[in-house]
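Spelled out from the first residue to the last, the chains are:
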Amino acid sequence: MRLAEVVGENASWGAYADTPPVVQKLAERARPQPLDLEIARHLQHLQHVCHQPRLHLRVEEERLPVSRARRTPVRAVAELVSHPGDWEHRTLRSIQPSRVLARQIEDEWNLYENRVAVRLVDHLLAYLAKRLEELRKIKEVLEASRDYGEEIRGTSFRRAHRISELWSTTLESKTEEDLARTMRQLERAQRDLQTLLDAPLYLHVPRREVVALALKPTNILVNDPNYRKVAALWRAWVKFGHKRHETHAQRAERIQREAAAWDRFVLHLVVRGFKALGWSASMRGNGWELRRRGWLPVRVQAESHGLVHLTGERALRLLPLCADLTTADAAATLAQLEALDDARNEVVVVHVGRPVALVDPDRASGWSMGQRAVLFACSPWGIDSEERMARLLHGWLGRAAVPCYPATKTARALPEWPGRRDWLRYEGDCLVVFRAPNDREMEDARAWSAAKAKDLDASAQRARAAKQAFATAPREAITSFRAFIEDARHHLSGLDECPICGSQGLLEARPGQRPDGSDATWWATCPCCKSEWGTRPCTACGCRYRALKVGQPGLDVEAAAHTTPAPEWPDRVLGFDVWAQPCAERPLDQFRCPECGRCPSASCARCSSCSGETHGAR
């Protein structure tokens, strides 16, 4: 809720992109809050009142046995004479009583001022319990930062740099010291308040006594120095710590606000993920259009009920679910998830907390294989939520926003292309471009098409002069060829841009054997960071998919893959620097097909089990 308030209800793309998607103002919340300071300042006065309260003497007159009577009022004799039932026996000179009117003097504990002190003890204990729970969450975040420091040895240096940069914008240098000091102070105050539960005043005042929030200005609360401080502490609690009891309508409204805040948090993660991947956005209607060189445009739209819809060559639907599924029944959760499987759209249920312990780790950790619906766990308290959302988007973009490869066109009657070119092939009626031609190659193609067009125009002019028939198809094919190679160059540009460091790589086109280029692939290498990327054919289902091999990760990826738990691979090691999921058995040279879930060897347990389920679902 606090993060949603910082960003705003109708935030722009830039507002989301500039705000880290983690709990805000951690350093401020780690320091003592106003009520914390008031407790430290006035708790000693509350302790004094509970142990040495102001009491009133309560005087009551009651008929008691003579043996119990200590004080008698003046009218006790008259009362005895008028009540013969209290006589034990009568003599000639006097009356021997069995009971007599006696005066009972007792201490009155249940004063208004004492009820204020006792109820304040209860209220402050409830406040401190919630406050310490919040501080323990902040402590978990700080401990996670230290754990990430240890985890850096098992993660790529690029992911470690991104996580560290996010930490630097979230935490201050003194946060840990402030947190430890605040927790010590509040835990000490909590212990002192708990001891007051056995104080004489707390034991004598009934628990059912209720005190209104607005205090009455009694003489004791105004004039007694200790009670005056108790009243000040009460007013501080009302101002900073009191939460009014919710009605059913208010509770329903709060739940709706929390759900709306979670919807905005999911959109926040999407925006930050695209920013981390280098995409730029522009407003289009009620959504955004995203672009990046070498990729097809993508449209992002947040619907009124919270659904985030991403559209490219395929569609991705992110369903925000403001609920923690950690304690939910795994079998029932899996059954409901399978019911969301959609052959047309990829469905991701984004829920609160940690990943669910499903039998299939791919479904539990947001890896969609064969259009299966998956779960994605995240939280504003998790520092890696943005990194994992960027990975999910990166993998989807590799399937939904990639230009069709290779660029092909049916070109009949095109004059034979002189010589052999590695970027262009004309066989039969199929004109195929395997990579974006460079400037020299484009000049050659333009010069050839211009020369051919000139020859064909001259031949047509001679034929007209001789009043002979001539074919127009070759001239139309040349015009179409010229437009096609211009479009193909734009279409295939960016394939050689390194997705890791942005440098220009060396692209190798692999034309394949089919005339239409349907079995063609490509592979590129970055001379700067040594990363490799491109398309690979699946040996199981035959589809082609994009794969990315990170160069110079700064660790032994194969060893890290074998020691990382299945639900955390490869997020914990490579972060979002992946397209298709690297196989955990051979992460350096094998990848899992996004359609069937199999790797080339199909020998590892995770790939084979997933593929069986995928084919069964189909």
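Residues numbered from 1 in each chain as written. Predicted model: local features only at pLDDT ≥ 70, side-chain atom pairs only at ≥ 80, totals over all residues. Heavy atoms only, no water.

A.B. asks: An account of the overall build of the chain is requested, with residue identities and associated values reported.
C.D. replies: Helix and strand counts for the chain come out as 20 helices and 18 strands. Its C-alpha radius of gyration of 39 Å places the chain more than 25% over the 25 Å reference for a compact globule of 618 residues. Expressed along its principal axes, the backbone C-alpha trace of the chain runs to roughly 170 × 50 × 45 Å. A buried classification covers 47% of the 618 residues belonging to the chain. Of the contacts formed within the chain by residues at least 6 apart in sequence, a portion of 69% connects residues at least 24 apart. (Helix = DSSP H or I, 4+ residues; strand = E, 2+ residues; numbered from the N terminus. Rg over C-alpha atoms; globule rule 2.2 N^0.38 Å. Buried < 20%, exposed > 50% of the residue type's maximum accessible area, 1.4 Å probe, protein only. Contact = heavy atoms within 4.5 Å.)

A.B. asks: Pulling in residues and values, what's your account of the packing of helix α4 (residues 34-51) against helix α8 (residues 175-195)?
C.D. replies: Contact geometry for α4 and α8: axes closest at 11 Å, N-to-C directions at 25 degrees. Compared by their axis directions, α4 and α8 come out roughly parallel. Like other packed secondary-structure pairs, α4 and α8 cross with a definite hand, here left-handed. Judged by residue contacts, Asp36, Ile39, Ala40, Leu43, Leu46 and Gln47 of α4 engage Thr182, Gln185, Leu186, Ala189, Asp192 and Leu193 from α8. For the contact of α4 with α8, the residue count by class is 7 nonpolar, 3 polar and 2 charged. (Axes fitted to C-alpha atoms, helices over the stretch in contact; angles between N-to-C directions. Parallel < 35°, antiparallel > 145°, perpendicular 65-115°, else oblique. Left-handed = near helix turned anticlockwise from the far one by under 90°. Nonpolar A, V, L, I, M, F, W, Y, C, P; charged D, E, K, R; others polar.)

A.B. asks: Let's hear about the environment of cysteine 599: which residues, and what values?
C.D. replies: Structurally, cysteine 599 can be placed in the loop between α19 (571-574) and α20 (605-617). Judged by its relative accessible area of 3%, cysteine 599 falls in the buried class. Sequence separation between cysteine 599 and alanine 584 is 15 residues, and the spatial gap between their C-alpha atoms is 9.8 Å.

A.B. asks: So what's going on with the packing of aromatic side chains? Which residues, and what values?
C.D. replies: Per the stated rule, a full pass over the model turns up 8 aromatic pairs. For the pair tryptophan 295 and tryptophan 579, a centre-to-centre distance of 5.8 Å together with 75 degrees between the ring planes defines the contact as edge-to-face. Separated by 284 residues along the polypeptide, tryptophan 295 in the loop between β6 (287-291) and β7 (298-302) and tryptophan 579 in the loop between α19 and α20 bring together distant segments of the chain. This pair shows no difference in class: tryptophan 295 is buried, exactly as tryptophan 579 is. Feature note: the residues Phe274, Trp279, Trp295 and Trp579 constitute an aromatic cluster, connected by ring pairs. Stacked on the ring of phenylalanine 576, the Lys or Arg arginine 162 has its end atom at 3.8 Å from the ring centre. Over the aromatic face of phenylalanine 376 sits the side chain of arginine 388, whose NZ or CZ is 4.8 Å from the ring centroid. (Phe/Tyr/Trp six-rings, centres within 6.5 Å; stacked < 30°, edge-to-face > 60°. Lys NZ or Arg CZ within 6 Å of the ring centre and 35° of its normal.)

A.B. asks: Any chance you could break down the packing of helix α16 (residues 439-465) against helix α17 (residues 473-492) for me, citing the residues and the numbers?
C.D. replies: Relative orientation of the contacting elements α16 and α17 amounts to 165 degrees, with a least axis distance of 9 Å. Classified by the interaxial angle, the pair formed by α16 and α17 is roughly antiparallel. You can see that α16 and α17 cross each other, and the crossing is left-handed. Contacts between α16 and α17 involve Asp439, Met442, Ala445, Arg446, Trp448, Ser449, Ala450, Lys452, Ala453, Leu456 and Asp457 from the former and Pro474, Arg475, Ile478, Phe481, Arg482, Ile485, Glu486 and Arg489 from the latter.

A.B. asks: Explain the nonpolar core to me, and be specific about the residues and the numbers.
C.D. replies: Counting 73 residues, the largest nonpolar core has Phe274 and Leu318 as its most contacted members. Per-element accounting of this core gives the leading share, 8 residues, to helix α12 (residues 248-276). In this view, leucine 318 contacts Val266, Val270, Gly306, Leu307, Val308, Leu310, Val348, Val350 and Leu392; residues no more than four positions away in its chain are not counted. With 51 residues, the next largest nonpolar core counts Leu43, Leu132, Leu193 and Leu215 among its residues. (Core = buried A, V, L, I, M, F, W, Y, C linked by side-chain atoms within 4.5 Å.)

A.B. asks: Go over unusual backbone geometry with me, naming the residues and quoting the values.
C.D. replies: Omega for the bond connecting tyrosine 405 with proline 406 falls within 30 degrees of zero, at -10 degrees, which places this linkage in the cis form. Mapped onto the elements, proline 406 comes out in the loop between α15 (385-400) and β12 (407-410). Proline 570 follows tryptophan 569 through a cis peptide bond whose omega is -5 degrees. By the element assignment, proline 570 lies in the loop between α18 (557-563) and α19. One non-glycine residue, alanine 413, lies in positive phi territory at about 65 degrees. With respect to the secondary-structure elements, alanine 413 resides in the loop between β12 and β13 (424-427). Not every positive phi belongs to a glycine, and lysine 530 is a case in point at roughly 70 degrees. Along the chain, the position of lysine 530 falls in the loop between β16 (521-525) and β17 (532-537). According to the relative accessible area criterion, lysine 530 is partly exposed, its value standing at 46%.

A.B. asks: How would you sum up α17? Please name residues and give values.
C.D. replies: Taking 1.5 Å per residue as the helical rise, α17 with its 20 residues ought to reach 28 Å, and the 27 Å between its terminal C-alpha atoms agrees with that figure. Every buried residue belonging to α17 is among Pro474, Ala477, Ile478, Phe481, Phe484, Ile485, Ala488 and Leu492, and all of these are buried. Projection of α17 onto a plane perpendicular to its axis shows the buried side chains occupying an angular sector of 130 degrees, all on one side. α17 presents Glu476 and His490 as exposed residues on the side facing more than 90 degrees away from its buried surface. Looking at the residues trailing α17, positive phi occurs at glycine 494, about 100 degrees. (Expected span 1.5 Å × (residues − 1). Arc of directions from axis to C-beta.)

A.B. asks: Lay out the sheet that holds β13 with the relevant residues and their values.
C.D. replies: Spatially, the 3 strands line up as an open sheet ordered β12-β14-β13, and their pairing is antiparallel. Of all strands in the sheet, those bounded by a partner on one side alone are β12 and β13. Across the sheet, the mean angle from the axis of one strand to that of its neighbour is 15 degrees, orientation sign disregarded. Strand direction decides the pairing type here: β12 and strand β14 (residues 430-433), joined by 4 bridges, are antiparallel. The partner of threonine 408 across the bridge, within β14, is valine 432. α17 rests against β12, β13 and β14 of the sheet, and its axis sits at about 160 degrees to β12. (Pairing = 2+ DSSP bridges.)

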